[in-house]
Amino acid sequence: EILKIENQFKDAERVLLKALKIDPNHGDLLYNFSLLYFACRKLDNALTYINKAIKISINNDIYKILKSEIYINKYNFDEALKILKVLKNNVQKDNNKEIRVNILIANAYIKKKEYEEAENILLWLIKKHERLELAYLNLSILYRDKNQLSKSIEILKKGIKISSNFMPFYKNLATFYRNSG
């Protein structure tokens, strides 16, 4: 299975390299290269390509969102938050981008252990979008990390009531029960 995935990665990389030879300044192509490397956890390569894409399309919020995700995965939370705080003002009229940016900001704060900031953002998101699975999931993770396990489980159960098909709720709930006894 791992060999199959690695071959798919190499095939995708080969196709993207051919396209890059044709048009080395195509922002979306560079973005796709960055996505490919991000998915394979080759974060330095992902950052290199997303920076090239941003140089070409400096106002592309999607590119900047990916850059912030790369920084979060590289544990460079301050750089991620710097990008995300600027984006937060830019994306207020785009509901999907606004949600994604706020989830990423909360995620960075959780990883920095700045729980109050993260909790405020997630509770605001839940108030504004009461069926937003990722807000519930991240809030449960926040409470788990604060060692408030009963509160975390309560949030997961609320999330399941709202969206019974969202598998990460069940996965996290099963982990709690498995680890508790």
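Residues numbered from 1 in each chain as written. Predicted model: local features only at pLDDT ≥ 70, side-chain atom pairs only at ≥ 80, totals over all residues. Heavy atoms only, no water.

K.L.:
What am I meant to see in helix α6 (residues 95-111) here?
P.N.:
Since there are 3.6 residues in each turn of an α-helix, residues three or four apart along the chain are aligned in direction. The first and last C-alpha atoms of α6 sit 24 Å apart over 17 residues, in line with the 24 Å expected at 1.5 Å per residue. For α6, the complete set of buried residues consists of Glu 98, Ile 99, Val 101, Asn 102, Ile 103, Leu 104, Ile 105, Ala 106, Asn 107, Ala 108, Tyr 109 and Ile 110. Sitting at the amino-terminal end of α6 is Asp 94, which places a side-chain oxygen 3.2 Å from the backbone nitrogen of Asn 96. Looking at the residues trailing α6, positive phi occurs at Lys 113, about 65°. (Helix = DSSP H or I, 4+ residues; strand = E, 2+ residues; numbered from the N terminus. Expected span 1.5 Å × (residues − 1). Buried < 20%, exposed > 50% of the residue type's maximum accessible area, 1.4 Å probe, protein only. Polar contact = N/O pair within 3.5 Å; in protein donor to acceptor, adjacent residues only side chain to side chain.)

K.L.:
Can you help me understand the pattern of salt bridges in this one?
P.N.:
Side chains carrying opposite charge are able to pair once their charged atoms draw close together. This model, assessed by the stated rule, comprises 10 salt bridges. Between Asp 44 and Lys 74 there is a salt bridge; the shortest N-O distance is 2.4 Å. Of this pair, Asp 44 sits in helix α3 (residues 43-56) while Lys 74 sits in the loop between α4 (61-73) and α5 (77-90); the two residues are 30 residues apart in sequence, bridging distant segments of the chain. A salt bridge links Glu 154 to Lys 158, with the nearest nitrogen and oxygen atoms 3.8 Å apart. (Salt bridge = Lys/Arg side-chain N within 4 Å of Asp/Glu carboxyl O.)

K.L.:
Would you explain unusual backbone geometry in this entry?
P.N.:
The general pattern is negative phi for most residues beyond glycine and trans for most peptide bonds. The backbone of Tyr 75 sits at a positive phi, close to 65°, despite the residue not being glycine. When you line up the elements, Tyr 75 lands in the loop between α4 and α5. Positive phi, close to 65°, is recorded for Asn 147, a residue that is not glycine. Locating Asn 147 in the fold gives a position in the loop between α8 (133-145) and α9 (149-162).

K.L.:
Help me understand the environment of Lys 85, please; the structure alone is not making it clear to me.
P.N.:
Inspection of the secondary structure assignment puts Lys 85 in helix α5. By relative accessible area, Lys 85 is classed as partly exposed at 44%. Through-space distance from the C-alpha of Lys 85 to that of Asn 102 is 9.0 Å; in sequence the pair is 17 residues apart. In this structure the side chain of Lys 85 is engaged in a polar contact, spanning 3.2 Å, whose partner is the side chain of Tyr 109.

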